[in-house]
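Each chain, letter by letter, is given below.
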Amino acid sequence: MTLLAGLFYGLYPLWFFQAKNLSNKLIIPNLIGRLIYIIVGLSFVHNDDSLQYLMLAQSVCYLIVIIYSFFYFKKIIFQKNIIRYSSLKKRLFESFNFFIAGSIFNYIYSFWGILVIFSGSSLQI
């Protein structure tokens, strides 16, 4: 059941709704899923042997949002998009500076940690 919950959480579409600035559309399906999770947890889980029901409820909680998002974006998912080389090239050139800045910002912490390992004392590490 844990593997199933992990799989469904991996498919959880929150990032897609955030990219489209539609996170508020997930409130109702999340609320329904969380209510099911709470009801199952309070009703069916009484000892360690019944924890599988809780993990199943967690899986269902994520699955509700996945199914809702599939039906919400059904038109977008099955729409054919033709990518033109000129627009792709233009977008790559326009976003290259943001890519470099984001990469430097994200990896500066790792670089700083490596520098501390080689130049710092054991107390600093």
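Reading the values: rules and limits
Residues numbered from 1 in each chain as written. Predicted model: local features only at pLDDT ≥ 70, side-chain atom pairs only at ≥ 80, totals over all residues. Heavy atoms only, no water. Helix = DSSP H or I, 4+ residues; strand = E, 2+ residues; numbered from the N terminus. Rg over C-alpha atoms; globule rule 2.2 N^0.38 Å. Buried < 20%, exposed > 50% of the residue type's maximum accessible area, 1.4 Å probe, protein only. Contact = heavy atoms within 4.5 Å. Areas by Shrake-Rupley, 256 points an atom, 1.4 Å probe, with all protein chains shown as cover. Core = buried A, V, L, I, M, F, W, Y, C linked by side-chain atoms within 4.5 Å. Phe/Tyr/Trp six-rings, centres within 6.5 Å; stacked < 30°, edge-to-face > 60°. Axes fitted to C-alpha atoms, helices over the stretch in contact; angles between N-to-C directions. Parallel < 35°, antiparallel > 145°, perpendicular 65-115°, else oblique. Left-handed = near helix turned anticlockwise from the far one by under 90°. Nonpolar A, V, L, I, M, F, W, Y, C, P; charged D, E, K, R; others polar. pLDDT = per-residue confidence, 0-100.

1. Some words on the overall build of the protein
Part 1 of the argument: Summing up its helical and strand segments, the protein has six helices and zero strands in all.
Part 2 of the argument: For the protein, the sequential pattern of α-helices and β-strands runs α-α-α-α-α-α.
Part 3 of the argument: Against the 2.2 N^0.38 benchmark of 14 Å for 125 residues, the protein shows a C-alpha radius of gyration of 22 Å, more extended than a compact globule.
Part 4 of the argument: Overall, the protein is about 55 × 55 × 25 Å in size when its C-alpha atoms are taken along their principal axes.
Part 5 of the argument: In the protein, which comprises 125 residues, the proportion classed as buried is 18%.
Part 6 of the argument: Once local pairs closer than 6 in sequence are excluded, the contacts in the protein between residues at least 24 apart make up 67%.
Part 7 of the argument: As presented, the protein carries roughly 10,500 Å² of accessible surface, and 69% of it is formed by carbon and sulfur atoms.

2. Quick notes on the nonpolar core
Most often, soluble globular proteins have nonpolar side chains that are buried together.
Part 1 of the argument: F8, Y12, F17, L26, Y62, V65, I66 and F73 together form the largest nonpolar core, which totals eight residues.
Part 2 of the argument: By residue number, the principal contributor to this core is helix α4 (residues 51–72), which donates three residues.
Part 3 of the argument: Not counting chain neighbours up to four residues away, the residues in contact with V65 comprise Y12, P13, L26, P29 and N30.

3. So, the side chain of S59
Part 1 of the argument: In this structure, S59 sits in helix α4.
Part 2 of the argument: Residue S59 is classed as buried on the basis of its relative accessible area of 1%.
Part 3 of the argument: Contacts of S59, omitting those with residues within four sequence positions, involve M1, L4, A5 and F8.

4. Description of the packing of aromatic side chains
Part 1 of the argument: For the coordinates displayed, the defined rule picks out 11 aromatic pairs.
Part 2 of the argument: Aromatic pair F16 and F73: ring centres 4.8 Å apart, planes at 85°, arrangement edge-to-face. With a gap of 57 residues between them, F16 in helix α2 (residues 14–19) and F73 in the loop between α4 and α5 (74–77) connect regions that are remote in the sequence.
Part 3 of the argument: By relative accessible area, which is 4% here, F73 ends up buried.
Part 4 of the argument: Look at F70 and F71: their rings are 5.7 Å apart centre to centre, the planes differ by 70°, and that puts the pair in the edge-to-face class.
Part 5 of the argument: In this structure F71 comes out as exposed when scored by relative accessible area, which is 53%.

5. With respect to the packing of helix α1 (residues 2–10) against α4
Part 1 of the argument: Put simply, α1 and α4 touch, their axes get as near as 8 Å, and they point 20° apart. By the angle class used here, α1 and α4 are roughly parallel. Along this stretch, α1 crosses α4, giving a crossing that reads as left-handed. Note on element contacts: α4 touches α1 through M55, Q58, S59, Y62, L63 and I66, opposite T2, L4, A5, F8 and Y9.
Part 2 of the argument: A per-class count over the contact of α1 with α4 returns eight nonpolar, three polar and no charged.

6. Description of the confidence of the model for the protein
Part 1 of the argument: Per-residue confidence for the protein gives a mean pLDDT of 82, with 92% of residues at or over 70.
Part 2 of the argument: Mean pLDDT per element in the protein: α5 is the minimum at 74, and helix α3 (residues 27–44) is the maximum at 92.

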